[in-house]
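Topology and contacts: notes
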Number of protein chains: 2
Amino acid sequence: MSIRIGILGHGNLGRGVECAVMQNKDMELAGIFTRRDPADVSPLTDGARVYPSDKLADFKDKIDVLILCGGSATDLPLQTPEYAKMFNVIDSFDTHANIPDHFAKVDKSAKENGKTAIISVGWDPGMFSLNRLYANAILTDGKDYTFWGKGVSQGHSDAVRRVEGVADAKQYTVPVKSSLDAVRNGENPELSTREKHTRECFVVAKDGADKAKIENDIKTMPNYFSDYDTTVNFIDAEELRKNHSGIPHGGFVIRSGKTGMNGEHNHIIEYSLKLDSNPEFTACVLVAYARAAYRLSKEGSAGCKTVFDIAPAYLSALSGEELRKNLL
Amino acid sequence: MSIRIGILGHGNLGRGVECAVMQNKDMELAGIFTRRDPADVSPLTDGARVYPSDKLADFKDKIDVLILCGGSATDLPLQTPEYAKMFNVIDSFDTHANIPDHFAKVDKSAKENGKTAIISVGWDPGMFSLNRLYANAILTDGKDYTFWGKGVSQGHSDAVRRVEGVADAKQYTVPVKSSLDAVRNGENPELSTREKHTRECFVVAKDGADKAKIENDIKTMPNYFSDYDTTVNFIDAEELRKNHSGIPHGGFVIRSGKTGMNGEHNHIIEYSLKLDSNPEFTACVLVAYARAAYRLSKEGSAGCKTVFDIAPAYLSALSGEELRKNLL
């Protein structure tokens, strides 16, 4: 029997989940749920049904895992604990500082209702977190580095768009190559914010806007840009559409550590991602963990979990025998 | 209470485990066991005791996890099923083709005796396997690549040493950079054996030996060298000692995959290791999984497992709360 997946929210991430479900033969789409008018939502797949989110309770026995595709700022803090009362749920909650609080709320709700919940699934948090954990457990005497990019930061792009005189904009976060190379060489550098990443902005100015002022306003913006070396490129709307409409991202998790009686041997563990589509890749991770949630729920394992708590074999459609034979 | 680790076998790997136990504050060394005369074994750590391996039965209640540091050809196929009758055990069994058979034997023995066994722990099999599994579960439509090196291959070095006229030798396996770059660029090349790796030999010839014949004998050796582009460098014993006495290794696991309604987005997941000491790094992985075996045993989880079956959190000395706060 297929694993029946429900999708709540049909933005970039929800559409990515719709694609990912199609790629997994042991899954089927039970429905797309939206807070908008369902008539305004266009599914990507033939035959996919769209329902208003307030009808979710009717699907209690028709959905094995509900994947929550809302945002971490306001949607997920409410939705995940709420829907964990009725469904096994997965989210991609990514506000690192609030994870302990979110975990506690979801855990309580899921345990009280005998459901399995997995939070903070994606690539960071998610695959990057896993790699930090594995590398730390193996190389106990070492140093961690995470670099992001080259990729589009939605938050920074939004910040640029709010600058007076800006019609539209995209911001790329770019790791500083010389710092990345120093880390890979085992030099264990101490890196300031400025030394780790640069920021590249592609800006469409409104007609008659003061470009020098826009550039200065961006570069001096506290929190977002003032601690970085920022480049501002003015382009026209057509070029923005043609060359900057994608949502690529990626990054690097590196741990450098020492072994030997006198720490004489150095080791570098590196994990990297180069993603053409940030939301579609995140969706693929969500769907793999939905398989895990389904199986854990069948085993009666209730409560909130993270990627740290889930044995890798639960993610794969292959059996233990097949995994040992083909991938070990 | 500390986790009490026993080490069976005190070659390069056993010595690496001895170092690794020292780096982990929640562990202590219960003893080193050897088939040699204990007087011939020199522990690295002050106060470490060496015992003959036939006394292991006396340590049934004094060792929480026994780490088996023998070879995969003849030692582990017998030792792991045998010692899983008395101890929780970890091995680094790496003969990929025989893993299913080894698993079955160890599983039977461990289950019958209520012990936890984890086999094929290290970096390949081990961390590389994990990365193959995660990447396959996430990118279901994709292609896998594993490259090894640059690093010393013990088996190939031994093969060169058996060539007539060779006094000593080291062999390095080296990934072909252009192929690695093509994979990283998402070109999904079909690569022959020759296109993936080259082999570099550093050879000390015996006095008066025919070097041209040695070079030809190496390059045409079936299985080991004839399918590769091989370089043979003749050096003297002093240079071999000075520049080629280390045991570095490493490699790359890459999965390239597609997402989107028409496979229009490409993604690259890459995991790489650059290791100054192959046995010391392998030892660190063994010790992290020994912690997992100890915990699983406490939970009553008997039988044979691999890295696929173990939730990452079991490897870390940190609590779930600490992991979620600091590494997620």
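Here the structure is shown first, and the text comes after it.
Definitions and limits used
Residues numbered from 1 in each chain as written. Chains lettered and ligands numbered in written order. Predicted model: local features only at pLDDT ≥ 70, side-chain atom pairs only at ≥ 80, totals over all residues. Heavy atoms only, no water. Least-squares fit on C-alpha atoms with pLDDT ≥ 70 in both. Contact = heavy atoms within 4.5 Å. Phe/Tyr/Trp six-rings, centres within 6.5 Å; stacked < 30°, edge-to-face > 60°. Helix = DSSP H or I, 4+ residues; strand = E, 2+ residues; numbered from the N terminus. Buried < 20%, exposed > 50% of the residue type's maximum accessible area, 1.4 Å probe, protein only. Lys NZ or Arg CZ within 6 Å of the ring centre and 35° of its normal. Salt bridge = Lys/Arg side-chain N within 4 Å of Asp/Glu carboxyl O. Disulfide = S-S within 2.5 Å.

**Some thoughts on the relation of the copies chain A and chain B**
Rotating chain A by 180° and translating it 0.0 Å along the rotation axis places it on chain B, where the RMSD comes to 0.0 Å. Within this description, the copies of the chain are treated as partners about a two-fold rotation axis. Measuring from the rotation axis to each C-alpha of chain A, the shortest distance belongs to Ala311 of chain A, at 1.9 Å. When the interface residues of chain A are mapped onto chain B, 100% of them again lie at the interface, so the same face is used by both copies.

**Remarks on the packing of aromatic side chains**
For the structure shown, the criterion picks out 13 aromatic pairs over all chains. Geometrically, the ring pair formed by Phe128 of chain B and Tyr271 of chain B is edge-to-face, given 6.1 Å between the ring centres and 85° between the ring planes. Here the residue Phe128 of chain B occupies a position in helix H4 (residues 127–138), and Tyr271 of chain B occupies one in strand S13 (residues 265–275), the gap between them amounting to 143 residues. Of the two residues examined, Phe128 of chain B and Tyr271 of chain B, each falls in the buried class. Ring centres of Tyr172 of chain B and Phe202 of chain B lie 5.7 Å apart, and the angle between their planes is 85°; on these two criteria the pair is classed as edge-to-face. Note that Tyr172 of chain B is positioned in strand S9 (residues 166–175) and Phe202 of chain B in strand S10 (residues 197–205), a separation of 30 residues in sequence. When sorted by exposure, Tyr172 of chain B lands in the same class as Phe202 of chain B, which is buried. Over the aromatic face of Phe103 of chain B sits the side chain of Arg324 of chain A, whose NZ or CZ is 3.5 Å from the ring centroid.

**What about the pattern of salt bridges?**
Residue and element names in this part refer to chain A. Inspection of the entire model under this criterion finds 42 salt bridges over all chains. Lys111 is the partner of Asp107 in a salt bridge, and the nearest nitrogen-oxygen pair spans 2.9 Å. Of this pair, Asp107 and Lys111 are both found in helix H3 (residues 99–112), four residues apart, which corresponds to roughly one turn of the helix. When the shortest N-O distance is used, the salt bridge between Lys219 and Glu215 registers 2.8 Å. Of this pair, Lys219 and Glu215 both sit in helix H8 (residues 211–219), four residues apart, which is roughly one turn of that helix.

**Observations concerning the state of the cysteines**
Each disulfide consists of one covalent bond between the sulfur atoms belonging to two cysteines. Residue and element names in this part refer to chain B. According to the stated counting rule, one finds zero disulfides over all chains in the structure shown. With no disulfide of its own, Cys19 lies 8.4 Å from the sulfur of Cys284, the closest cysteine sulfur. Classification of Cys19 by relative accessible area gives buried; the value is 7%.

This is a description of form; function is not addressed.
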